[in-house]
Amino acid sequence: MNAHLIDGEERPSEKGGTFTTINPATGEELDTVALGGEADVNAAVDAATRAGHLWRRVPAAERAALLRRLAGLIRAGASEIATLEARDSGRPISDCHDDVAICADLLDYYATLPQNIRGATYAEQPGHLTHSRREPYGVVAAIAPWNFPFFFAVTKTAPALATGNTVVLKMAEQTPLTSILYGKLCLRAGFPPGAVNILNGDGRTGALLAAHPGVKKITFTGSTEVGRSIRQASTVSCHLELGGKTANIVTKHADLVAAARTSVHHAFFNAGQVCTAGSRLLLDEAIAEPFMELFLRATAGIVVGDPLAPTTQVGALISEQHRARVQEHLSRAVDEGASIIAGGNPSAVGAFLEPTVLDGVVPGMAAAQEEIFGPVVSVMRFRHLDEAVRIANGTPYGLAATVWTDQLAEALDLTDRLDAGIVWTNCPYRDHAHVPYEGHGLSGQGEEGGLETINEFTQLKVAYLGSPSTPWTLP
Ligand code: NAD
């Protein structure tokens, strides 16, 4: 049984509750996990509160050293982490290995944050000093989704720790295993007991955690619906990373071969279970036909299968229930007039679904508006760029947008006009730890990445230091 990790100890649930985690590629039960209830939430927040008194006083250089040590332990344990991740999430093992390496590099970057926390001094009269500083909030509740479990265990906790907060992490119930391992690695790296607590459970556990009065900041990644409910119920600062419906616009000036090859990855990487997946393919009518020929050929070549096989490119969806939801989206799209021109077939065993191309989609259809979060791309056509921009901006989301063109002026023009937190030209999924991003519209609130992370996880304090012998009013 996988316990919670509270105050540096493995603890079963106080009321003995458990749940099972399933291997989505086989449908078999993988392991039993403690299910957090109110008493466990209280214990985790209390432990984090106590640890916070110490952790916020640890010198910046020591916090940085611990983050680097954690990066080293993750590199050393890469095989174990990647294999566990592939089994618990259905993701291809090669992607899991990539993620583990990315996480270690991210920790090296987060290790630069503690020594970059800055304040300012302000002009004052002699004998007075006015300065600002950034202080940790205290206990951060980190609530994460299942689509990149280990990655989110790291990215939801490390910036908070780097800036002097302590954390209670609630990973998604579908993929608890690698976050438990991560918590153990944090302890081995030397983080004090209670600085990183791992609380297992489902949405009810998450809701209890988010509502706990000892929590001073919430960082949430997940669906727009749950993010909205957390924000509405909460009185503390919320950092929200939510859903998306990325438009991938192929103009008549695109390099079609490169665009088709990369757009397949953009649509189907991680079985399309990516918040920034290029799930709406917008094609200039002038190039739609040759582009689709290349795109469909590349889609047909995707290797779907056993997540543990090194050549697999697309694994299972997270669960059979989630696959059923994706299939409902497909049926609705067909009812509304779209046609499935590739894929669409489920596997008999495991939660697999062939990469699926929906053609004949128009902007008002659900397939053009709602996040499907599966291996499904909705193809639409446009006659001129104004129309492309209108379609691209025509959803309530605003996470990312992609443009394919070799014309600089066109790229700059579209970058100006697309309402999204990230605009990629010819390079979807490009991402660097030192570059921040933020979702627009219903896609989020608050910045992630870069030095901007510091402001996200600290609060401002301004201090006026005066001297009784130098009064601040004129005599
Ligand atoms: P979800 O919102 O259902 O669950 C996310 C987490 O919230 C889980 O840990 C879950 O247990 C918990 N939760 C559920 N109900 C809760 C409640 N009422 N209160 C508190 N916590 C609760 O999302 P999901 O299905 O796990 O993940 C898929 C979603 O995540 C997609 O919409 C995707 O776009 C989004 N996502 C966004 C980003 C981003 O960076 N913007 C990244 C990855 C995933």
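Sequence order sets the numbering: in each chain, residues are counted from 1 along the sequence as written. In keeping with the model being predicted, local features are shown solely for residues with a pLDDT of at least 70 and side-chain atom pairs are shown and tallied solely at 80 or more, while totals for entire chains, interfaces and linings include all residues. Hydrogens are left out, water is left out, and the side-chain values use all remaining heavy atoms of the structure.

**Digging into the side chain of Thr356**
Note that Thr356 resides in strand S15 (residues 356–359). Dropping the residues within four chain positions of it, Thr356 is found in contact with Phe268, Leu330, Ile340, Ala342, Gly343, Gly344, Pro375, Val376 and Val377. In this text, helices come from DSSP runs of H or I with a minimum length of four residues, and strands from runs of E with a minimum of two, each type numbered from the N-terminal end. Should any heavy atoms of two residues lie within 4.5 Å, those residues are considered in contact.

**Focus: the domain arrangement of the chain**
Note that the domain bounds were set by an automatic or database domain assignment. Under the domain assignment, the chain is made up of domain 1 (4–242 + 443–462) and domain 2 (247–425). On a C-alpha basis, the centres of domain 1 and domain 2 stand 31 Å from each other. Summed over both partners, buried area is the accessible surface (1.4 Å probe) that two parts give up on being assembled. Carbon and sulfur atoms make up 63% of the surface buried where domain 1 meets domain 2, a total of about 1,800 Å² over both sides. Considering only the surface of domain 1 that becomes buried against domain 2, Pro24, Trp146 and Ser443 emerge as the three largest contributors, covering 28% of it. One speaks of a salt bridge when a side-chain nitrogen belonging to Lys or Arg is within 4 Å of a carboxyl oxygen belonging to Asp or Glu. Run the count over domain 1 and domain 2 and you get 0 salt bridges. We define a polar contact as two N or O atoms separated by no more than 3.5 Å, with the added condition that, inside protein, one atom must be a possible hydrogen donor and the other a possible acceptor, whereas residues neighbouring each other in sequence contribute only through side-chain atom pairs. Applying the counting rule to domain 1 against domain 2 returns 8 residue pairs in polar contact (both at pLDDT 80 or more). Going through the elements one at a time, helix H3 (78–89) and helix H4 (93–110) are the ones with two or more residues in the side of domain 1 that touches domain 2.

**What about the packing of H4 against helix H5 (residues 149–162)?**
Axis lines are fitted through C-alpha atoms, for helices just across the contact stretch, and the angle between N-to-C directions can take any value from 0 to 180 degrees. Relative to each other, H4 and H5 sit at 5°, their axes nearing to 10 Å. One element, H4, and the other, H5, form an angle in the roughly parallel class. Here H4 contributes Asp99, Val100, Ile102, Cys103, Leu106, Leu107 and Tyr110 to the contact with H5, which in turn contributes Phe150, Phe151, Val154, Thr155, Ala158, Pro159 and Ala162. Any residue outside Ala, Val, Leu, Ile, Met, Phe, Trp, Tyr, Cys, Pro, Asp, Glu, Lys and Arg is labelled polar, Gly included; the first ten of those are nonpolar and the last four are charged. When grouped by side-chain class, the residues that make up the contact of H4 with H5 number 12 nonpolar, 1 polar and 1 charged. Roughly parallel means an angle under 35 degrees; roughly antiparallel, over 145; roughly perpendicular, 65 to 115; everything else is oblique.

**Quick word on the sheet that holds strand S6 (residues 129–136)**
Through backbone hydrogen bonds, the strands of a sheet pair up, either in parallel or in antiparallel fashion. Strand order in the open sheet formed by 3 strands is S5-S6-S22, with antiparallel pairing between adjacent strands. Both edges of this open sheet fall to strand S5 (120–122) and strand S22 (458–465), since each of them pairs with a single strand only. In this sheet, adjacent strand axes meet at a mean angle of 25° when their direction is disregarded. Following DSSP output, two strands are said to pair if at least two bridges run between them.

**Things to note about the packing of aromatic side chains**
Pairing of aromatic side chains here covers Phe, Tyr and the six-membered ring of Trp, requires ring centres within 6.5 Å, and sorts the geometry by plane angle: under 30 degrees stacked, over 60 edge-to-face, intermediate tilted. One pass over the structure, following the stated rule, counts 12 aromatic pairs. On the numbers, 6.4 Å between centres and 65° between planes, the contact of Phe148 with Phe152 is edge-to-face. Side by side, Phe148 and Phe152 carry an identical accessibility label, which is buried. Among the aromatic residues, ring-to-ring pairing joins Phe148, Phe151, Phe152, Phe269, Trp424 and Tyr429 into one connected group. Charge-over-ring contacts are defined here by two conditions on Lys NZ or Arg CZ: a distance within 6 Å of the ring centre and an angle within 35 degrees of the ring normal. It is Lys217 that lies over the ring of Phe457; its NZ or CZ is 5.8 Å from the centre. The cut-offs for exposure are 20% and 50% of the maximum accessible area for each residue type, with area from a 1.4 Å probe on protein chains only; residues under the lower value are buried, those over the upper are exposed, and the others partly exposed.

**Considerations on the pattern of salt bridges**
Evaluated as defined, the whole model comprises 19 salt bridges. Salt-bridge contacts for Asp7 lead to Arg50; the nearest nitrogen and oxygen are separated by 3.0 Å. In this pair, Asp7 is assigned in the loop between strand S1 (4–6) and strand S2 (9–11) and Arg50 in helix H1 (residues 38–55), connecting sequence segments 43 residues apart. Across the salt bridge formed by Glu9 and Arg11, the nearest N and O atoms sit 3.2 Å from each other.

**Quick notes on the sheet that holds strand S18 (residues 400–404)**
The strand order across the open sheet formed by 7 strands is S14-S15-S16-S13-S12-S18-S19, and the pairing between neighbours is mixed. Looking at which strands have only one partner, the edges of the open sheet turn out to be strand S14 (339–342) and strand S19 (422–425). The mean angle between the axes of side-by-side strands here comes to 25°, regardless of whether they run parallel or antiparallel. Pairing geometry for strand S13 (residues 280–284) and strand S16 (residues 376–382), over 5 bridges, is parallel. Bridged to Asp284 within S16 is Phe382.

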